[in-house]
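Residues per chain are reported as follows:
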Amino acid sequence: MDIMILNKMDGTTEVVEIVMTFKLEKFNNDDYVIYKNNDRFYAAKYIEKYGNTHLKTNLEDDEKQLLFEMFDKLRNGGII
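Residues numbered from 1 in each chain as written. Predicted model: local features only at pLDDT ≥ 70, side-chain atom pairs only at ≥ 80, totals over all residues. Heavy atoms only, no water.

*Asks:* Just to check I follow, could you spell out the side chain of Lys45 for this structure?
*Replies:* Locating Lys45 in the fold gives a position in strand β4 (residues 40-49). Looking at Lys45, its side chain comes within polar contact range of the side chain of Asp30, at 3.2 Å. Each residue touching Lys45, except ones within four places of it in the same chain, is listed here: Asp30, Asp31, Tyr32, His54, Leu55, Lys56, Leu59 and Glu63. (Helix = DSSP H or I, 4+ residues; strand = E, 2+ residues; numbered from the N terminus. Polar contact = N/O pair within 3.5 Å; in protein donor to acceptor, adjacent residues only side chain to side chain. Contact = heavy atoms within 4.5 Å.)

Below, the structure written as structure tokens:
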């Protein structure tokens, strides 16, 4: 199991499980991650900069829709 430690804005940290990482060709091959914490799933775009990884969670509606569709296929055992 791969994990990721989130450093939150309020100064706390949270350990989450990485479910999958991937690029979306439709969005300039940007990098995305689906991760899980306490049986809840989340998705974000990630940007690696100066040895640190920053998550962007305020995504555009079309990005959210495509991520939801991918997660739904994954959850139902489909091929992505």
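Now, onward.
*Asks:* In this structure, what is going on with the pattern of salt bridges? I would like to understand it.
*Replies:* Applying the stated rule across the entire model yields five salt bridges. Here Glu14 ties to Lys8 by a salt bridge, and the two come within 3.0 Å at their closest N and O atoms. For Glu14, a relative accessible area of 22% translates into the label partly exposed. Owing to a relative accessible area of 40%, Lys8 belongs among the partly exposed residues under this scheme. Among the salt bridges present, the one from Asp30 reaches Lys45, with a minimum N-O distance of 3.2 Å. Placement of the pair is Asp30 in strand β3 (residues 30-37) and Lys45 in strand β4, with a sequence separation of 15 residues. (Salt bridge = Lys/Arg side-chain N within 4 Å of Asp/Glu carboxyl O. Buried < 20%, exposed > 50% of the residue type's maximum accessible area, 1.4 Å probe, protein only.)

*Asks:* Explanation requested: the packing of aromatic side chains in the structure shown.
*Replies:* In the structure shown here, the tally under the stated rule is three aromatic pairs. Measuring from ring centre to ring centre gives 5.5 Å for Tyr35 and Tyr42, while their planes differ by 25°; the resulting arrangement is stacked. By relative accessible area, Tyr35 is classed as buried at 7%. Its relative accessible area of 33% is what places Tyr42 among the partly exposed residues. Measuring from ring centre to ring centre gives 5.0 Å for Phe41 and Phe71, while their planes differ by 45°; the resulting arrangement is tilted. You can see Phe41 sitting in strand β4 and its partner Phe71 sitting in helix α1 (residues 61-75), a full 30 residues away along the chain. On the basis of relative accessible area, Phe71 is assigned to the buried category, the value being 19%. (Phe/Tyr/Trp six-rings, centres within 6.5 Å; stacked < 30°, edge-to-face > 60°.)

In short, geometric facts, not functional conclusions.
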